[in-house]
Amino acid sequence: MKIFLVTFTIIICVALVGWLLYRNVGKVSTEQQNNSEELPHSVNEVVTSKQEQKPLIETGNISKSLSDNKTDSISKKSSKESINEQEPSLETVITVIEDSQRYYDQLIKKDPEVLWNQWYRLLAGDNNRTRNIIRRALITQLQHKGSKDVYQDLSSLLRESSLPITQNKLIINLLGETATPEAMTILLDEAMSNQDTPLRPTILEKITEMGDEWWDNRSHPELSPPLEKAWNSELNDQNLINAIAIGMAKVGSPSGVKLLLTAIAKGGNTVDEINKGQNQQALAAFEAMDGILNNAAAPTLAEEFHNRELNDPVFIASGNALANIANIEATKALIEWVKNAPDEAVPLVEQWFMEASRNTESFDLLQQSLQSESFQSVKIKKEIQAVIKSREPLESQE
């Protein structure tokens, strides 16, 4: 009877152990299957997941009977191997890139509303890689398809301030990179209606940077009307005035450039008067003109440039912008003026043509004008010769 009880007990124990092992293996298998459905956060995560499959030497478990020297040797070797294993291989990097591209290709087929919901669900998480891929697809779809519902949600979230600051900043960055009139309007409305929000510096920064977003490889003059509307409203915050002026200058549409030049003209008869005056918009507009790079602004600038006197701040601001644009049309306007420029214009000639001649075509045009055009001022001609001489080594390197 005792033998029967012992045998029965052993059978029960073996069965229980087997059941527990089966349960744990099944649990691990299920977890691995679930985890495989999400993209890894980064290249390092891919590498880490591969490392976890390899047993690493833990020096803390090494027998204490080993000598200190041997322990140190094993520790150093283990550390070096661990560091080397953390560096992703080229094959791993390529795999991650290819996986990301395939995932993006699937996302870009979805409507912006679907992408917005996916991105919003990940807003509070730490899966940055997946969230960033969805963000890129969402931005592209908003730029080409638009979505009144998505923009309304974005506006409401900012206005209600119901999210943590870090998440609100992600929304502001999303709007800034989207760079559409709707996105610009949302940020302008928030900046003008809520001056006390801690998000204000980030909002103003994105307003100034939207003109840099040349998606589809072109400028977007459609961003200017919201800025122009805000510029024409009653503004008393210098930071906001500066942001709008910079935003208009970077967009560089003719209508926005005209508004900036008009503001400069109202600020005084000289640059010194603008700097010392109380006209906030005039000062902001004058300082923003250096940021104009859009070729479409050149005709408007050239027209004002030729109709002003040497010390006129509109003339100075237009010349600065033409030199920054530095395309053929802008450089032609500067050359046309310089032929009859007085001796007093030498500092401006040096400044503007050094800037404009960074463009190879403009540099060639300047060289040709020196040989074919006559100049009223000998000093001006010598200054142009000096500019060309100083730029020639740079051109030969290119």
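Right, let's walk through the structure included here. (Residues numbered from 1 in each chain as written. Predicted model: local features only at pLDDT ≥ 70, side-chain atom pairs only at ≥ 80, totals over all residues. Heavy atoms only, no water.)

## Remarks on the overall build of the chain
Cut-off, in case you're wondering: Counting from the N terminus, the helices are DSSP H or I runs at least four residues long and the strands are E runs at least two residues long. Accessibility here uses a 1.4 Å probe with only protein chains present; expressed as a share of the type maximum, an area under 20% marks a residue as buried, one over 50% as exposed, and anything in between as partly exposed. Working rule for contacts: check all heavy atoms of both residues, and any pair within 4.5 Å makes them a contact. In this description, accessible areas are obtained by the Shrake-Rupley approach with a 1.4 Å probe, and a residue is regarded as covered only by the protein chains that are shown.
Per the secondary structure count, the chain includes 21 helices and 0 strands. For the chain, the proportion of its 398 residues judged to be buried stands at 41%. A separation of at least 24 residues holds for 71% of the contacts in the chain among residues at least 6 apart in sequence. In the structure as shown, the chain presents an accessible area of about 23,000 Å², 51% of it carried by carbon and sulfur atoms.

## Looking at the environment of Ala317
Residue position: Ala317 is located in helix 17 (residues 313–325). In this structure Ala317 comes out as buried when scored by relative accessible area, which is 0%. Remark: the alpha-carbon pair of Ala317 and Glu304, spanning 13 residues in sequence, is separated by 9.8 Å. Here Ala317 is in contact with Ile264, Phe286 and Met289, once residues within four sequence places are set aside.

## A look at the environment of Leu240
Within the secondary structure, Leu240 is located in helix 12 (residues 238–251). Classification of Leu240 by relative accessible area gives buried; the value is 3%. In sequence terms Leu240 and Pro201 are 39 residues apart; their C-alpha atoms lie 9.6 Å from each other. With residues near it in sequence (within four places) discarded, Leu240 still touches Ala191, Met192, Arg200, Leu204 and Leu235.

## Considerations on the layout of surface pockets
Formally: Using protein atoms alone on a 1 Å grid, points that fit a 1.4 Å probe yet trap it form a cavity, whereas open point sets bounded by protein on both sides within 12 Å along at least five of seven lines form a pocket; residues with an atom within 4 Å of a point count as lining. Grid points are joined across faces, edges and corners, and a volume is the space filled by probe spheres set on the points. Gly counts as polar in this scheme, as do all residues outside two lists: the nonpolar Ala, Val, Leu, Ile, Met, Phe, Trp, Tyr, Cys and Pro, and the charged Asp, Glu, Lys and Arg.
Roughly 190 Å³ of internal volume is contained in the second largest pocket. Contributing to the lining of the second largest pocket are Phe305, His306, Arg308, Glu309, Leu310, Phe315, Glu336, Trp337, Asn340, Ala341 and Pro342. Those elements that place two or more of their residues in the lining of the second largest pocket are helix 16 (298–306) and helix 18 (328–338). When its residues are assigned to classes, the lining of the second largest pocket shows 6 nonpolar, 2 polar and 3 charged.

## Quick notes on empty space enclosed by the protein
Counted under the stated rule, the structure contains 1 cavity of 30 Å³ or more. Roughly 30 Å³ of volume is contained in the largest cavity. Counted by class, the lining of the largest cavity contains 3 nonpolar, 3 polar and 2 charged residues.

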